[in-house]
Amino acid sequence: MNSYQWYSDQWGKPTKDDRLLFLLLTVGVFQAGLSWQASASKREAFIRNFCEMDFRKVAAFFPDDVEKIMNDPEMIHNPRKIKAVIQNARAIVNLLDDYHSFADYLWDFFGGVPVLHQYETRDEVPNQLPEATVIAKDMKKRGFIFVGPVVTCMFLKAAGIIQDQVME
């Protein structure tokens with residue numbers, strides 16, 4: 001099995017697991033400018049360097065933690081993206097003032113039910129959707145970074161919150 005198969009297996013399956021959501025968001029952050037395979041193949045490095053995807057622990061990281069992560073040979077060596085993951089962990093912690101969980105925040109946009117989009121062919125499936133753009137804007141307002149409309153759309157699709165059904 002390849003090192004990114006887990007991501008393909010997860011794609012489109014609804015999850016309310018905050019650690020998995022944080023991992024999927026992290027894949028999205030690191031995917032910017034890379035292929036999804038390159039980013040998803042780093043799952044073990046992400047889990048190892050980001051405290052088993054415990055966003056509360058990651059939110060408490062200091063600048064020397066960024067240096068330590070940069071020294072991991074299996075990690076994608078982009079300090080801006082590493083800092084983005086830390087900032088996003090802090091944004092998730094701040095969400096907990098208003099929501100029970102990160103999952104509750106995301107699913108609340110859709111009343112707790114996955115949104116299904118149907119397409120005739122694979123070529124019609126977009127990598128941005130209006131509802132993902134709305135969530136991206138809200139996330140940015142709440143302190144998340146590296147969460148543009150495409151990253152957010154792909155993240156929501158990976159988490160099964162938005163689902164594509166292709167008829168072909």
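About the criteria used
Residues numbered from 1 in each chain as written. Predicted model: local features only at pLDDT ≥ 70, side-chain atom pairs only at ≥ 80, totals over all residues. Heavy atoms only, no water. Helix = DSSP H or I, 4+ residues; strand = E, 2+ residues; numbered from the N terminus. Rg over C-alpha atoms; globule rule 2.2 N^0.38 Å. Buried < 20%, exposed > 50% of the residue type's maximum accessible area, 1.4 Å probe, protein only. Contact = heavy atoms within 4.5 Å. Areas by Shrake-Rupley, 256 points an atom, 1.4 Å probe, with all protein chains shown as cover. Lys, Arg positive; Asp, Glu negative; His and termini not counted. Charge placed at Lys NZ, Arg CZ, Asp CG, Glu CD. UniProt positions renumbered as here; feature names shortened; annotations may be inferred. Polar contact = N/O pair within 3.5 Å; in protein donor to acceptor, adjacent residues only side chain to side chain. Core = buried A, V, L, I, M, F, W, Y, C linked by side-chain atoms within 4.5 Å. Axes fitted to C-alpha atoms, helices over the stretch in contact; angles between N-to-C directions. Left-handed = near helix turned anticlockwise from the far one by under 90°. Nonpolar A, V, L, I, M, F, W, Y, C, P; charged D, E, K, R; others polar. Patch = residues over 30% accessible without salt bridge, like charges linked within 9 Å, V, L, I, M, F, W, Y side chains within 5 Å. Salt bridge = Lys/Arg side-chain N within 4 Å of Asp/Glu carboxyl O.

Chemist: Describe the overall build of the chain, naming the residues involved and giving the relevant values.
Modeler: Secondary structure assignment for the chain yields ten helices and two strands. Overall, the chain shows an N-to-C arrangement of helices and strands of α-α-α-α-α-α-α-α-β-α-α-β. Against the compact-globule benchmark of 15 Å for 168 residues, the chain has a radius of gyration of 15 Å, which places it among compact chains. C-alpha extents for the chain along the principal axes are approximately 50 × 40 × 20 Å. Per-residue burial over the chain gives 45% buried out of 168 residues. Expressed as a percentage of contacts within the chain between residues at least 6 apart in sequence, the contacts between residues at least 24 apart total 70%. If you sum the accessible surface of the chain, you get close to 8400 Å²; carbon and sulfur atoms cover 51% of it. Of the charged side chains in the chain, 19 are positive and 22 negative; the average position of the first set lies 4 Å away from that of the second.

Chemist: So what about the UniProt feature "transmembrane region" (unreviewed entry) in the chain? Which residues, and what values?
Modeler: As annotated by UniProt and renumbered to match this structure, "transmembrane region" (unreviewed entry) occupies residues 20-38 and 143-162. Between the end C-alpha atoms of residues 20-38 the distance is 18 Å, and the span holds 79% helix and 0% strand. When the span residues 143-162 is considered, its composition is 50% helix and 5% strand, and the gap between its end C-alpha atoms is 22 Å.

Chemist: Give me the lowdown on the side chain of Asn-88, citing residues and values where you can.
Modeler: As for its placement among the helices and strands, Asn-88 is situated in helix H7 (residues 79-95). A residue is classified by how much of its surface remains accessible, and Asn-88, at 1% relative accessible area, is buried. A polar atom in the side chain of Asn-88 sits 2.8 Å from the backbone nitrogen of Ile-145. Once residues lying within four places of it in the same chain are set aside, the contact partners of Asn-88 are Leu-25, Val-29, Gly-143, Phe-144, Ile-145 and Val-147.

Chemist: Describe the side chain of Ser-101, with residues and values.
Modeler: Topologically, Ser-101 is positioned in the loop between H7 and helix H8 (102-108). Beyond its immediate sequence surroundings of up to four residues, Ser-101 is in contact with Asp-18 and Leu-96.

Chemist: For unusual backbone geometry, give the residues involved together with the corresponding values.
Modeler: Residue Cys-51 is not a glycine yet carries a positive backbone phi of 50 degrees. Here Cys-51 is to be found in the loop between helix H4 (43-49) and helix H5 (55-58). For Phe-146, which is not glycine, the phi dihedral falls at a positive 60 degrees.

Chemist: Mind laying out the nonpolar core, listing which residues take part and the relevant values?
Modeler: Counting residues in each nonpolar core, the largest one holds 53 residues, and the members touching the most others are Phe-30, Phe-46, Phe-50, Phe-102, Leu-106 and Phe-144. Leave out the neighbours within four places in its chain, and Phe-30 touches Ser-39, Phe-46, Phe-50, Met-75, Ile-76, Lys-81, Ile-82 and Val-85.

Chemist: Residue-level account of the packing of helix H2 (residues 18-31) against H7, with values.
Modeler: Where H2 contacts H7, the two axes come as close as 10 Å, and the packing angle between them is 145 degrees. Crossing of H2 against H7: the hand is right-handed. On H7, the residues touching Phe-22, Leu-25, Thr-26, Val-29 and Phe-30 of H2 are Lys-81, Ile-82, Ala-84, Val-85, Asn-88, Ala-89 and Ile-92. In terms of residue class, the contact of H2 with H7 is made up of nine nonpolar, two polar and one charged.

Chemist: So, a negative patch on the surface: which residues are in play, and what are the values?
Modeler: Where like charges cluster on the molecular surface, the negative patch consists of Glu-120, Asp-123, Glu-124 and Glu-168. Residue placement: Glu-124 occurs in the loop between strand E1 (115-119) and helix H9 (130-141).

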